[in-house]
Amino acid sequence: MATEARKKEILKGLYDGVVEFDEDKVVELSNAVLAEDVDAYEAIMDGLAAGMEHVGDLYANQEYFVPEVLMCSDALYAGLDILRPHLSGKEADVRGQVVIGTVEGDVHDIGKNLVKMMFDVAGFEVHDLGRDVKLEKFVEEQMKTDSEIVALSALMTTSMLAMPKVIEMIKARNPDAMIMVGGAPISQEVADNYGADGYAQNAANAVQEAIQMVSRLREMGKA
Amino acid sequence: MTLQVQPRRETMTSDERMSAIARGDRPDRIPVLSFTGGFCASIVGYPIRSIYDDPEKSFWAQTWAQELLGHDGWPTFWYASYGGWEFGGEIRMPQSELDQAPVLTRFPARTPEEVEALEIPDVETAGYFPLYTEFARIQQQFGIPVMVPAWGPFTAAANMVGVDKLCRWMIKQPEAAHLLLSKVVAFAKRIIDYFLDLFRGHPLSAGGGCATSSNQLISPRQFEEFVLPHHSEVYGHLSGKGIKPVFCHICGEQNQNLPYWAEVPFGERGILSFGGEVDLERVMDIFGDKHIVAGNVETRVIGEGTWRDVYEQARVCIEKAKYAPGGYVLMAGCDIPPSSPLYNIYALKKAVMDFGFYD
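Bear in mind that the values here come from a model prediction, so they are computed numbers and not experimental data. (Residues numbered from 1 in each chain as written. Chains lettered and ligands numbered in written order. Predicted model: local features only at pLDDT ≥ 70, side-chain atom pairs only at ≥ 80, totals over all residues. Heavy atoms only, no water.)

**Student:** Mind showing me how you'd approach the overall build of chain B here?
**Tutor:** Per the secondary structure count, chain B includes 15 helices and eight strands. A globule of 359 residues ought to have a C-alpha radius of gyration of about 21 Å, and chain B, at 19 Å, matches this closely. Expressed along its principal axes, the backbone C-alpha trace of chain B runs to roughly 65 × 40 × 40 Å. Here chain B holds 359 residues, and 61% of them are scored as buried. Each charge sign in chain B was given a centre, from 32 positive and 44 negative side chains, and these centres are 2 Å apart. (Helix = DSSP H or I, 4+ residues; strand = E, 2+ residues; numbered from the N terminus. Rg over C-alpha atoms; globule rule 2.2 N^0.38 Å. Buried < 20%, exposed > 50% of the residue type's maximum accessible area, 1.4 Å probe, protein only. Lys, Arg positive; Asp, Glu negative; His and termini not counted. Charge placed at Lys NZ, Arg CZ, Asp CG, Glu CD.)

Written out as C-alpha cells, the structure reads:
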C-alpha cells in the first residue's frame, strides 16, 4: 500500500506524463498504481484526466496545437488501458452513452477522436462509428444502443451540410435523442440553425455539453 | 446598409481586368473570382463529381457559372486531397449529394518504412494528372493560360499518410516527416517541369494551396520547421522558371503563420488568397505592397447566411483592401458549398459593382 506521499507522487507523475506526452512514464506509473495498491479510479481522475484537462487549457491558450494534443492523448490512453480494467463496479458505471462519428463525405477524424477521448475520460460509453459515416448508420446505432447523445463531426464546409439531414432523421425516429455538432466550420449559430441540441466548440466543451444534456434528459425522466 | 448605389459601367472585359491586375495596373473595378467547385456543377445540372473527374464538363460548368454570375477569371481544375492518389493510394469521387468533394479512402503509406519505399511517380500517369492534362488541353484550345499545379507539400504529405500520423511524426519522428516532405517536394518539382515542357510556348500561370498548415492544426513553430522550407522549395522552383502569376490559397486560420508565408518566394506579384478566419487588414500590411491579395468572405456566411450578409461582408472586405498597392481581388475564403443559394454568390459581384469601381 503506497503512503500518502507516494500516492501524491504517482498522481502528479501521471498528470505530468500526460501533459508532457511521456507515454513511457505514464505506463510505468500506471503499473505502479496497480503494484502499490493505489486506487485506480483516483489515478484516472486526479492523474490522467486532470492532466488532460490542463492540456485542454494549453490548447485553448494556443500553447499546444493538435500534434501535442494527439501525443498527450496517446499517453492518456496508455494509462487508461492499464487502469480501466481495475475499476470497481460502481466506478465503472457510465455517465451516459454517446454515438459519435464524422459525417458522410468527410474523412477527417482528428477532432472527432479528441472528443471521443474526452468522453472516454469522463466515463461515457462511446460508440465510435469512425469517419465518412452513412447517415442511416447514426440512426441505427442510436436506436440499437439507446444512446442519449449523438455527436456529429465535420471539418469541411462541403460536408457540414449532412448534419441537418441526419439530425432530422434521428429526431424522426427518436425525438428524445440529443444531438451535438462540432468541427471547424460549425458555430453556435449554425448548430441552432441545424436544429442541434448542443454545440461543441472544442473537445473539453463537448463533454460539458454532454453532461448537461444527459442531466436534462434525466430531469425529464427520459434517460 | 446601403443598397441603392448609382449603377456603374464596366469598361474592361474580364480578360482585360485580370491582365491589368496581373501587370500591376489598376483595373476598372475590383475583380471577383469564383471559388465554386461543385456549386458550378449543381447549377448547370451536372453531377458534382463531374467537376473533378470530367474535364470537359468541369470546364463548361465553370465557364457557364462564371457567365451567369459575372465573375472574373478562368476555369481551373483542382482538388484539395492531392498527394495520396498520385503516390498510389485510393480516392473516391463524390457519389451522393452529401459527398461533395473527392476523399481519400486509402493512404499510400502509414509507416516510416512505407514512406521510405515510396517511389516518385510518373506525372503522366499518376492519380489525377491524366485528367488534369486533359483539362489543360481544353484551356490551351480556348487560349486560356494553362495553370501549372503548384502543390503545397505539407498538405500533400498529410494526404499521403493521414494528418494524425504526420502530426505525431513531427514530434516523435521528425526525420520521417521530413523524408515524406522531401519526396513530395521532388514530385512537386517534377510536376512543374512536366507541365512546363508539355505546354511550352503557351501562356502559363500556376496555382495551388495549403490547408493543412493552418493554426487550427499546427503551431507557427511547426510551420517554420515543416512547412516553410518545403513550400519555399516548390514555389522557388516555380518562380525560378518565370511562371506568373502564381496563385496560392492559404487556407484556414493562418494568422500566426503570416510572417512565415511572407518568406515564401511567390515571385513577382503572386495572387494570395486567404480564408475568412484571417485578419484582412494584417494581410494587407504584410503582403499588400508586393502581391495581389484575394479574399476573404466567409464561406459559412455564403452557404448559410442571407445574400445581405454576404453583400455586407464583401463590402467590408472591399473597404479594407480596395486600395492595396499590389491590387485586390474579392473572393470567398474557401470552396463554396454546392447547396449555397445562387443569389448569395451573385452578391459578391453585386458588392464589387456597387463598391469596387476605381474612380
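So, next bit.
**Student:** Help me understand the interface of chain B and chain A in this model?
**Tutor:** The figure often quoted for interface size is the accessible area lost as the parts come together. Each partner contributes to the interface: chain B provides 32 residues, whereas chain A provides 31 residues. Overall, the association of chain B and chain A removes approximately 2,600 Å² of surface from exposure, summing both partners, and the carbon and sulfur fraction of that is 59%. Put simply, chain B and chain A have four salt bridges between them. With its nearest N and O atoms 4.0 Å apart, the salt bridge here joins Lys-172 of chain B to Glu-23 of chain A. Inspection of the chain B/chain A interface yields six residue pairs in polar contact (both at pLDDT 80 or more). Sorting the residues of the side of chain B that touches chain A by element identifies strand 2 (103-106), helix 8 (163-172), helix 10 (220-240) and helix 13 (299-304) of chain B as the ones contributing at least two each. Sorting elements by how many residues they give to the side of chain B that touches chain A places helix 8 of chain B first, with seven residues. (Contact = heavy atoms within 4.5 Å. Buried area = accessible area lost by both parts, 1.4 Å probe. Salt bridge = Lys/Arg side-chain N within 4 Å of Asp/Glu carboxyl O. Polar contact = N/O pair within 3.5 Å; in protein donor to acceptor, adjacent residues only side chain to side chain.)

**Student:** Mind showing me how you'd approach the sheet that holds strand 4 (residues 178-182) of chain A here?
**Tutor:** In a beta sheet, neighbouring strands are held together by backbone hydrogen bonds and run either parallel or antiparallel to one another. All names here are of chain A. In spatial order, the strands read 2-1-3-4-5; together these five strands make up an open sheet with parallel pairing. This sheet does not close on itself; its edge strands, each paired only once, are strand 2 (124-128) and strand 5 (198-200). In this sheet, neighbouring strand axes are inclined to one another by 25° on average, regardless of whether the strands run parallel or antiparallel. Across five bridges, strand 3 (residues 149-153) lies against strand 4 in parallel orientation. Looking across to strand 4, one finds that Leu-152 is bridged to Val-181. (Pairing = 2+ DSSP bridges. Axes fitted to C-alpha atoms, helices over the stretch in contact; angles between N-to-C directions.)

**Student:** Help me understand the sheet that holds strand 6 (residues 271-274) of chain B, please; the structure alone is not making it clear to me.
**Tutor:** All names here are of chain B. In spatial order, the strands read 3-4-5-6-7-8; together these six strands make up an open sheet with parallel pairing. In the strand order of this sheet, the two ends are held by strand 3 (146-149) and strand 8 (328-332), each with one partner. In this sheet, adjacent strand axes meet at a mean angle of 25° when their direction is disregarded. The pairing of strand 5 (residues 246-250) with strand 6 spans four bridges and is classified as parallel. Within the sheet, the bridge partner assigned to Cys-248 lies in strand 6 and is Leu-272. Across the face of the sheet, helix 9 (residues 174-198) comes into contact with strand 3 and strand 4 (204-210) while running at roughly 155° to strand 3.

**Student:** What is the right way to look at the pattern of salt bridges in this model?
**Tutor:** Opposite charge on two side chains allows them to pair when their charged atoms are near. Under the counting rule described, the total for this entry stands at 36 salt bridges over all chains. Between Glu-4 of chain A and Lys-7 of chain A there is a salt bridge whose closest N-O contact spans 3.7 Å. In this pair, Glu-4 of chain A and Lys-7 of chain A are both assigned in helix 1 (residues 4-19), three residues apart and thus about one turn of the helix distant. Classification of Lys-7 of chain A as buried rests on a relative accessible area of 17%. One salt bridge in this structure joins Arg-49 of chain B and Asp-53 of chain B, with 2.6 Å as the shortest N-O distance. When its relative accessible area of 33% is taken as the criterion, Arg-49 of chain B is described as partly exposed.

**Student:** Even after reading the chapter, I still don't get the packing of helix 1 of chain A against helix 4 (residues 66-83) of chain A, so can you show me in this structure?
**Tutor:** Packed helix pairs are specified by the crossing angle of their axes together with the interaxial distance, meaning the distance between the axes. Interaxial distance between helix 1 of chain A and helix 4 of chain A falls to 7 Å at its minimum, and their mutual angle equals 145°. Packed against helix 1 of chain A, whose contacting residues are Gly-17, Val-18 and Val-19 of chain A, the element helix 4 of chain A presents Cys-72, Ala-75 and Leu-76 of chain A at the interface.

**Student:** Could you clarify how one ought to interpret helix 7 (residues 153-161) of chain B in this entry?
**Tutor:** Side chains that are three or four residues apart share a direction in an α-helix, a result of its 3.6 residues per turn. Residues and elements named next belong to chain B. Of all nine residues in helix 7, nine are buried, a share of seventy percent or more. All of the buried residues in helix 7 are Pro-153, Phe-154, Thr-155, Ala-156, Ala-157, Ala-158, Asn-159, Met-160 and Val-161. Gly-162 lies just past helix 7 and shows a positive phi near 100°.

**Student:** Honestly, the environment of Gly-242 of chain B in this entry has me stumped. Any pointers?
**Tutor:** Residues and elements named next belong to chain B. Here Gly-242 is to be found in the loop between helix 10 and strand 5. On the basis of relative accessible area, Gly-242 is assigned to the exposed category, the value being 54%. Placed 54 residues apart in sequence, Gly-242 and Asn-296 show a C-alpha to C-alpha distance of 28 Å.

**Student:** Mind showing me how you'd approach the nonpolar core here?
**Tutor:** One recurring pattern in soluble globular proteins: nonpolar side chains tend to sit buried together. Counting 175 residues, the largest nonpolar core has Phe-119 and Phe-124 of chain A together with Trp-151 and Leu-330 of chain B as the members making the most contacts within it. Looking at this core, the element that brings in the most residues is helix 9 of chain B, giving twelve residues. Mapping this core onto the domain boundaries places at least three of its residues in each of domain 1 (4-86) and domain 2 (96-219) of chain A. The contact partners of Phe-119 of chain A, leaving out residues within four places of it in the chain, are Val-98, Ile-100, Phe-124, Val-126, Ala-151, Met-180, Ala-206, Val-207 and Ala-210 of chain A. Phe-138, Val-139, Met-160 and Val-181 of chain A belong to the second-largest nonpolar core, a separate cluster that totals 27 residues. (Core = buried A, V, L, I, M, F, W, Y, C linked by side-chain atoms within 4.5 Å. Domains from an automatic or database assignment.)

**Student:** Before we go on, may I ask you to explain the side chain of Thr-155 of chain B in this structure?
**Tutor:** By secondary structure assignment, the location of Thr-155 of chain B is in helix 7. When its relative accessible area of 3% is taken as the criterion, Thr-155 of chain B is described as buried.

**Student:** Even after reading the chapter, I still don't get unusual backbone geometry, so can you show me in this structure?
**Tutor:** Of all residues except glycine, most have a negative phi; of all peptide bonds, most are trans. Residues and elements named next belong to chain B. Geometrically, the link from Lys-244 to Pro-245 is a cis peptide bond, its omega value of 5° lying close to zero. Mapping Pro-245 onto the fold places it in the loop between helix 10 and strand 5. Going from Gly-295 to Asn-296, the amide bond is cis rather than trans, its omega being -25°. Looking at the element boundaries, Asn-296 is found in strand 7 (residues 292-297).

**Student:** It is not clear to me how the side chain of Lys-112 of chain A should be interpreted in this structure. Could you clarify?
**Tutor:** Residues and elements named next belong to chain A. Within the secondary structure layout, Lys-112 lies in helix 5 (residues 110-121). A polar side-chain atom of Lys-112 sits 2.9 Å from a polar atom in the side chain of Asp-128. Ignoring any residue separated from it by four or fewer positions in sequence, one finds Lys-112 in contact with Ile-100, Gly-101, Thr-102, Asp-128, Gly-130 and Ser-153.

**Student:** Sorry if this is basic, but what is going on with helix 2 (residues 37-44) of chain B here?
**Tutor:** Residues and elements named next belong to chain B. Within helix 2 the residues assigned to the buried category are Gly-38, Phe-39, Cys-40 and Ala-41. The secondary structure elements touched by the buried residues of helix 2 are helix 3 (50-53), helix 4 (55-69) and helix 15 (342-355). Gly-45 sits one or two residues past helix 2 and shows a positive phi near 85°.

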